[in-house]
Amino acid sequence: MEDDGQSSVAETLDPALQKKHHDMLERLSARHQARKSDSPDSSSSSSSTLESTSSFLAKFSDSKRSIESRIAESRLASSSTDSSKLKSDLAEISVAIDNLEKLLAENSYFLPSYEVRSSLKIVSDLKQSLDILSGELVPKKKFSFKSKSTTKKPESKLPEIQKPDVVLPPKLVPVRDSPGLRNKHGETLVKSFEGSSIGEFTLSDLDSCQVKLTGTVNALFLHRLKKCSVYTGPVIGSILIDDVEDCVLVLASHQIRIHCARKSDFYLRVRSRPIIEDSNGVRFAPYCLDYKGIDEDLKTAGLEEETNNWANVDDFRWLRAVQSPNWSLLPEEERVSLLTISGDS
Amino acid sequence: GLLSIIRKIKKKEKEMRILMVGLDNSGKTTIVLKINGEDTSVISPTLGFNIKTIIYQKYTLNIWDVGGQKTIRSYWRNYFEQTDGLVWVVDSSDLRRLDDCKMELDNLLKEERLAGSSLLILANKQDIQGALTPDEIGKVLNLESMDKSRHWKIVGCSAYTGEGLLEGFDWLVQDIASRIYMLD
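What counts, and at which threshold
- Residues numbered from 1 in each chain as written.
- Chains lettered and ligands numbered in written order.
- Predicted model: local features only at pLDDT ≥ 70, side-chain atom pairs only at ≥ 80, totals over all residues.
- Heavy atoms only, no water.
- UniProt positions renumbered as here; feature names shortened; annotations may be inferred.
- Helix = DSSP H or I, 4+ residues; strand = E, 2+ residues; numbered from the N terminus.
- Buried < 20%, exposed > 50% of the residue type's maximum accessible area, 1.4 Å probe, protein only.
- Contact = heavy atoms within 4.5 Å.
- Areas by Shrake-Rupley, 256 points an atom, 1.4 Å probe, with all protein chains shown as cover.
- Pairing = 2+ DSSP bridges.
- Axes fitted to C-alpha atoms, helices over the stretch in contact; angles between N-to-C directions.
- Buried area = accessible area lost by both parts, 1.4 Å probe.
- Salt bridge = Lys/Arg side-chain N within 4 Å of Asp/Glu carboxyl O.
- Polar contact = N/O pair within 3.5 Å; in protein donor to acceptor, adjacent residues only side chain to side chain.
- Nonpolar A, V, L, I, M, F, W, Y, C, P; charged D, E, K, R; others polar.
- Expected span 1.5 Å × (residues − 1).
- Phe/Tyr/Trp six-rings, centres within 6.5 Å; stacked < 30°, edge-to-face > 60°.

As recorded by UniProt, chain A carries the name Tubulin-folding cofactor C and is attributed to Arabidopsis thaliana. Per UniProt, chain A carries the Subcellular location text "Cytoplasm". According to the UniProt record, the Sequence similarities comment for chain A reads "Belongs to the TBCC family."

Written as structure tokens, this is what we have:
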């Protein structure tokens, strides 16, 4: 039966098509031969893609071993070497790990997913042992690439910002403002979202204000707040904070991102890990808000349970195993107790 | 040369490499997990990157989901090589940072290594009242002035409800397939 089926398929195939197929196979095998013979050149000159799992694994494990031994050497030599040498050694190892990661990224398209995963694990293990090592050896020094990236950014950005300006005015399309409270000084601002259809809400350019928001929204944006106290009911999606100083913020959300915060206290309940970036002097404590109906609002936002993530802060400017100097836990004796607010002013 | 060999290998495995980028808080990780049918209720901001291998129709998608925080945007370039499809995710409710969003996208599209990749723009968070529509986002990003050789499409979506995600990825996968697997 099977034989019959096959032969009938072969018969129905167009002979021209068969010829084409045959030619293609020949071309491919010729190309394969050509590639084999000149592969040492091409792999070193044009690209670091290796196109075979075994040659990738060989190269990968070579680099891995060399990095591991350099980490071990640095650890042994740490007592006898001076700190600037040590720092440059660590930076070199870090570059080597980055290159290893790059090698993996470049070759990932043909690697079996198991190899990608296990190689990723190796890279992250190497990073971790380097973090631990640098934490032990140079606890107070920052890595050089940090300051580099901050100085580089504005330079590389400037010409690119100007370019589109010449071609078209930046605000070609009038963008409407989202609902929010803006440009206030020394006021108490109260807003209830209960029964409203507001999805996103913005607080921006507030100075010395007290803000009380009750009910739930999907997204909350805080931008340029100074000397403010902000108490908000649970946010279902995410809160994005940019540029706050001398503030007390009591917030609950699925995700919370904090950029450019200085000298501020955050009382948070958050389902995932809160993050800070370009911030310092920020302190964290658990959410402590109460108003009529908050239990239902917390349930709506899936925040009825304390996750203790308020203390699991990731600092994107401090990707090391040792504690970031930019944030701390707010000592219990300095925390405010339960804050009770009402939705009416 | 090399390109045809890559095509050949990819043809055999029907693999596509997709790079997901966009500003922080745009919803990249949530989109990937939602497409894969995973729980999206607890997702931390991405420190570094995630790789997800998803079987989509008859193709294997290797999706690289790279963190969008400012500090780590400079590392995006490490993931450009061999990218078949680029997914640019926009938080349609974040009106303030649309200029940032446009600038970062413009920078990305200048990148030679991404020149041949199909571009899907996902105008995410359409479930949020007050979010800009895909048309409005398209105008702000000035998509019409894009290089004529680029294959692109903008689709409104919500990673929260899942709406629009399949429409977007269907287009992306078909577009890549028609370029790479023309022999089929």
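From this point, the discussion proceeds with the structure in view.
A. Broad picture of the overall build of chain A. Counting secondary structure elements, chain A contains 7 helices and 14 strands. Every one of the 345 residues in chain A was classed for burial, and the buried ones make up 39%. In chain A, of all internal contacts separated by at least 6 residues, the share reaching a separation of at least 24 is 42%. A total of about 18500 Å² of accessible surface is found on chain A, and carbon and sulfur atoms cover 52% of it.

B. Here's a closer look at the overall build of chain B. If you tally the helices and strands in chain B, you get 6 helices and 6 strands. Each helix and strand of chain B, ordered N terminal to C terminal, gives the series α-β-α-β-β-α-β-α-β-α-β-α. Burial analysis of chain B (184 residues in total) assigns 58% to the buried set. In chain B, of all internal contacts separated by at least 6 residues, the share reaching a separation of at least 24 is 73%. Only carbon and sulfur atoms are counted for the fraction: they give 50% of the accessible area of chain B, which is about 7300 Å².

C. Examining the sheet that holds strand E5 (residues 118–124) of chain B more closely. Residues and elements named next belong to chain B. Spatial strand order, E2-E3-E1-E4-E5-E6: 6 strands in an open sheet with mixed pairing. Each edge of the sheet is formed by a strand with only one pairing partner; in this case those strands are strand E2 (49–56) and strand E6 (152–156). Ignoring which end each strand starts from, the neighbouring axes of this sheet average 20° apart. Pairing of strand E4 (residues 85–91) with E5 involves 7 bridges; the strand directions are parallel. Within the sheet, the bridge partner assigned to glycine 85 lies in E5 and is serine 118. Those strands touched by helix H4 (residues 98–109) are strand E1 (15–22), E4 and E5, and its axis lies near 170° from that of E4.

D. Just the interface of chain A and chain B, in detail. The partner chain B presents 58 residues to the 54 residues of chain A that form the contact. For the pair chain A and chain B, the two sides together bury roughly 5000 Å², of which 58% comes from carbon and sulfur. Per-residue buried area on chain A facing chain B is highest for Tyr109(A), Arg176(A) and Phe316(A); these three make up 14% of the total on that side. Our count for the chain A to chain B interface comes out at 1 salt bridge. Taken together, the connections running from chain A to chain B amount to 18 residue pairs in polar contact (both at pLDDT 80 or more). Counting only elements with at least two residues in the side of chain A that touches chain B, the list comes to helix H2 (15–45), helix H4 (83–107), helix H5 (113–137), helix H6 (144–167), strand E5 (217–226), strand E7 (235–245), strand E8 (248–270) and strand E9 (275–277) of chain A. When grouped by side-chain class, the residues that make up the side of chain A that touches chain B number 20 nonpolar, 14 polar and 20 charged.

E. Seen up close, the environment of Phe80(B). Residues and elements named next belong to chain B. Topologically, phenylalanine 80 is positioned in the loop between helix H3 (70–73) and E4. Here the alpha-carbon distance between phenylalanine 80 and arginine 17, two residues 63 residues apart in the chain, equals 9.9 Å. For phenylalanine 80, the contacting residues outside a window of four places in its chain are Leu19, Leu108, Glu111, Arg113 and Leu114.

F. Spotlight on the pattern of salt bridges. In this structure the tally under the stated criterion is 27 salt bridges over all chains. Of the charged contacts, one joins Glu68(A) and Lys64(A) as a salt bridge, the two residues approaching to 3.8 Å between their closest N and O atoms. Here Glu68(A) pairs with Lys64(A), and both are found in helix H3 (residues 53–77), just 4 residues apart, close to one helical turn. The partly exposed category is assigned to Lys64(A), whose relative accessible area is 25%. A salt bridge links Lys102(A) to Glu106(A); the shortest N-O distance between them is 3.3 Å. Note that Lys102(A) and Glu106(A) are positioned in helix H4 at a spacing of 4 residues, about one turn of the helix. Overall, Lys102(A) belongs to the partly exposed group, its relative accessible area being 33%. Look at Glu106(A) and you get buried, because its relative accessible area is 6%. A network of salt bridges, in which partner residues are shared, links Asp24(B), Arg73(B), Asp94(B), Arg97(B) and Glu104(B).

G. Seen up close, helix H6 (residues 165–180) of chain B. Compared with the 22 Å implied by 1.5 Å per residue over 16 residues, the 22 Å span of H6(B) between its first and last C-alpha is a close match. Where H6(B) is concerned, the buried positions are Leu165(B), Gly168(B), Phe169(B), Leu172(B), Val173(B), Asp175(B), Ile176(B), Ala177(B) and Ile180(B).

H. Just helix H2 (residues 28–35) of chain B, in detail. Residues and elements named next belong to chain B. Counting buried residues along H2, 7 of its 8 residues qualify, which places the element largely inside the surrounding structure. Among the residues making up H2, those that are buried are Lys28, Thr29, Thr30, Ile31, Val32, Leu33 and Ile35. Where H2 ends, the next residue or the one after it, glycine 37, has phi of about 70°, a positive value.

I. How the structure looks around the packing of aromatic side chains. Residues and elements named next belong to chain A. Here the structure, examined in full by the defined rule, presents 9 aromatic pairs over all chains. Relative to tryptophan 327, the ring of phenylalanine 284 lies with its centre 5.7 Å away and its plane at 85°, an arrangement referred to as edge-to-face. Taken as a pair, phenylalanine 284 in strand E10 (residues 280–286) and tryptophan 327 in strand E13 (residues 327–329) lie far apart in primary sequence, 43 residues in all. For the residue pair phenylalanine 284 and tryptophan 327, the accessibility class agrees, reading buried in each case. Through successive ring pairs, a cluster of aromatic residues spans Phe266, Phe284 and Trp327.

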